[in-house]
Amino acid sequence: MPSFEIDANRLKKQWDYFVQDRLSLPAIADIQTFQEDPRPDGLRLHSRKAETETLRQWEGLGLSPGQTVFFVGAGLGYLVERALTLDCQVIWIESHALILAAALARYNFLKYKDNLNILVPPLSRESLETFLSGKSIEELALYTHRPTAAALQQSRTLIEQLIHRKSVNQATMARFDREWARNLILNWPWIERSRPVARLFERYKDQTALICAAGPSLSADLQAIRENRERFFLIVVDTALYVLSSAGIDPDLVVTVDPQPVNSYYLEGYTGQAIFVADPATCNRSLRLIDLEKLYFLSSPLPLGRFFESFAREEAGQVAYGGSVTTNAYDLALKMGFRTIIFSGLDLSFPDTRVHASGAILEERLNLKEGRLFRREMHNRSQRRALPERFLPGHTGPLPTNDKMIVFYNWLSNRFVLDQKQCRLLTSRASPLKIQGLEAISLEAFLQDLPQLQKRDLSGAHFAFDQLKFQERLEELDTEFASLIEILTEALRGLETTETITPALTEELDRVDRKLQESAESVRLLGAATQAAIVQSQNRASRLEEAIEQTLSLYRALLGSARSHRRWISIYLSRPQDS
């Protein structure tokens, strides 16, 4: 019996033979032994009653037709076989050549090659993300084969991280989709009078930027930052602005992207000279606290934002999104051309049970709430325990964190490894976090050796925008949304009053589908829920009873979105032109 080792080269050769011609699969004497009594590491690949055991595992897996399922190991492939016959997209991860050879000899998987992908560890995030792209979290499933779990643990962990990140992103979209749209429309009069962030790109080539996040370790760096302030370009995330300004430090640039109303608290009372870079869908109260002569805006990833920008005469400028304002700030620093980028307060964890740097605005607001029965320590603990506790590597041991922070950690660490060839990436030694691609330094000693920062003139004309065409198109959209509201209201009335599925009802829903397709552009602007509505309506022919209920709830969401978009557009169209 062979040892249980990872043999990627051998596995690849056997799979190549299989794809070319199944009959050319090399005759391995041990394959028959594996089929009769496979015991790598003392564990069977399958029960002696493989078919019975497979049925039990299959019922526990609970797959539906068309799902994407990751098999982290699959033994001799009985479950894979069932998943493929159910028309599932299968990603099969296997590191042991002999196990796969035995599985391929047992059953002809070649007829399902369009739905079957076999991957050999080590896996890359890029290869896995291609299978996740365009899929909702409900379409994904993960199975781990117990006898081979230990050998494939690293692959399983990576897949779980990517699925969790997608889950977080999907939850974020569901939570903020409507709020983003509202902010974007209400913010546009301010965006029209600001400047695109693309004008900042490549303006600070070969100089040094310091990015301040609001992690607890920022407090330890304030003195070094203040004493060497003129030696670097200071970029601050909005959550850290109050900490810096309270310490007498005025940044050069502040990044703000959060759509929630609490975001405006970070900017209240600021009177410094910093320029601001904002997402067009940031909290609409935030932009009203910023001097328009100091405001720059990012290109929006939202369909509605791209629609607005299509009337511009110049590019807004794209900055990568990684889920956190710090990830935006980092990608912006790269695009501005800085040769050296230093981080302070990049903790992504809760060292010493702390959540924010001392003096952060949310910490200060707790002064208004503190009393005998509520202490700030209770609040910090609830924040730390809102999600299950996880751990990240630290310089002196594991650091407590949560899944949300790990999403940001993975994004940044992957980027740091890729970007360290084009610039020097550093972090203050005050931060306890250990992150690949970042060199830990004594911030005070490093800053003292820097030359004086060479300032750049960042003034210029306002955004070049075709206001007349934009106004005309918004008026057309207002009419289109009114038509959508009428169509959906009528469709919902029929769905809500029916008790049985009739040919008349089916014909009515088909008519609604055609109307939605005719209004494809305006429907696309209504956000994530609309895409699901279209998909569900297209699936109705094969699963009519289930789709009726889904279509009912999705059409309600679509109707609500159309009504709110029309209301916000009306506010924009009715505003005084000089507001």
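In what follows, the structure referred to is the one given above.
This write-up is about the structure you can find in this document. (Residues numbered from 1 in each chain as written. Predicted model: local features only at pLDDT ≥ 70, side-chain atom pairs only at ≥ 80, totals over all residues. Heavy atoms only, no water.)

## Remarks on the packing of aromatic side chains
To keep things clear, this is the line we draw: For Phe, Tyr and Trp, where Trp contributes only its six-membered ring, two rings pair if their centres lie within 6.5 Å, and the inter-plane angle classes them as stacked under 30 degrees, edge-to-face over 60, or tilted in between. Numbering of helices and strands starts at the N terminus; helices are DSSP runs of H or I of at least 4 residues and strands are runs of E of at least 2. Remark: exposure states derive from per-residue accessible area (1.4 Å probe, protein chains only) relative to the maximum for the residue type, with buried under 20%, exposed over 50%, and partly exposed in between.
Overall, the coordinates contain 22 aromatic pairs when judged by the stated rule. Centroid distance Tyr204 to Phe338: 5.4 Å. Interplanar angle 20°. Geometry classified as stacked. With Tyr204 in the loop between strand E5 (195-196) and strand E6 (208-212) and Phe338 in the loop between helix H12 (325-335) and strand E11 (340-344), the pair connects residues that are 134 residues apart, well separated along the chain. Both residues of the pair, Tyr204 and Phe338, count as buried.

## Structural notes on the sheet that holds strand E3 (residues 116-119)
Let me state the cut-off plainly: The criterion for strand pairing is that DSSP finds at least two bridges linking the strands in question. To define axes, lines are fitted to C-alpha atoms, for helices over the stretch in contact only, and angles between the resulting N-to-C directions are given on a 0 to 180 degree scale.
As summarised here, the arrangement of the 4 strands in space is E3-E2-E1-E4, forming an open sheet in which the pairing is parallel. Because the sheet does not close on itself, it has two edges, and the strands there are E3 and strand E4 (140-144). Neighbour-to-neighbour, the strand axes of this sheet turn through a mean angle of 15°, independent of strand direction. Bridge analysis of strand E1 (residues 68-72) against strand E2 (residues 89-93) gives 5 bridges, and the strand direction is parallel. Considered in E2, the bridge of Val72 is made with Ile93.

## Notes on the layout of surface pockets
Where we set the bar: A pocket here means an open set of points on a 1 Å grid, computed over the protein atoms alone, that has protein on both sides within 12 Å along at least five of seven lines. A cavity is instead a set of points where a 1.4 Å probe fits but cannot get out; residues with an atom within 4 Å of a point line either one. Grid points are joined across faces, edges and corners, and a volume is the space filled by probe spheres set on the points. Polar here means any residue outside two lists: the nonpolar Ala, Val, Leu, Ile, Met, Phe, Trp, Tyr, Cys and Pro, and the charged Asp, Glu, Lys and Arg; Gly therefore counts as polar.
The volume enclosed by the second largest pocket comes to roughly 440 Å³. Lining the second largest pocket we find 18 residues, and of these Arg125, Asn410, Ser413, Asn414 and Gln436 sit closest to its centre. Going through the elements one at a time, helix H6 (125-132), helix H7 (153-191), strand E12 (389-392) and helix H15 (403-419) are the ones with two or more residues in the lining of the second largest pocket. Grouping the constituent residues of the lining of the second largest pocket by class yields 9 nonpolar, 7 polar and 2 charged.

## Let's talk about the nonpolar core
Definition in use: In this text, buried Ala, Val, Leu, Ile, Met, Phe, Trp, Tyr and Cys residues form a nonpolar core when linked through side-chain atoms within 4.5 Å. Residues are treated as being in contact if the distance between any of their heavy atoms lies within 4.5 Å.
Core analysis: the largest hydrophobic core is formed by 119 residues, its most contacted members being Ile225, Ile235, Leu244, Leu253, Tyr330 and Ile341. Ranked by the residues each element gives to this core, the list is headed by helix H17 (residues 467-497), at 11 residues. In this view, Ile225 contacts Leu210, Cys212, Leu218, Phe232, Leu234, Leu244, Ile249, Ser344, Leu443 and Leu447; residues no more than four positions away in its chain are not counted.

## Describing the pattern of salt bridges
This is how the line gets drawn: For this analysis, a salt bridge means a side-chain nitrogen from Lys or Arg found within 4 Å of a carboxyl oxygen belonging to Asp or Glu.
Throughout the structure, instances matching the rule amount to 16 salt bridges. Glu314 is the salt-bridge partner of Arg199, the closest N and O atoms lying 2.8 Å from each other. Of this pair, Arg199 sits in the loop between E5 and E6 while Glu314 sits in the loop between helix H11 (303-309) and H12, and the two are 115 residues apart along the sequence. Classification of Arg199 as partly exposed rests on a relative accessible area of 24%. In this structure, the salt-bridge partner of Arg511 is Glu490, at a minimum N-O distance of 3.6 Å. Of this pair, Arg511 sits in helix H18 (residues 503-518) while Glu490 is found in helix H17, placing the two residues 21 residues apart along the sequence. Through salt bridges that share partners, Asp331, Lys335, Arg415 and Asp419 make up one connected network.

That's the geometry; what it means functionally is another story.
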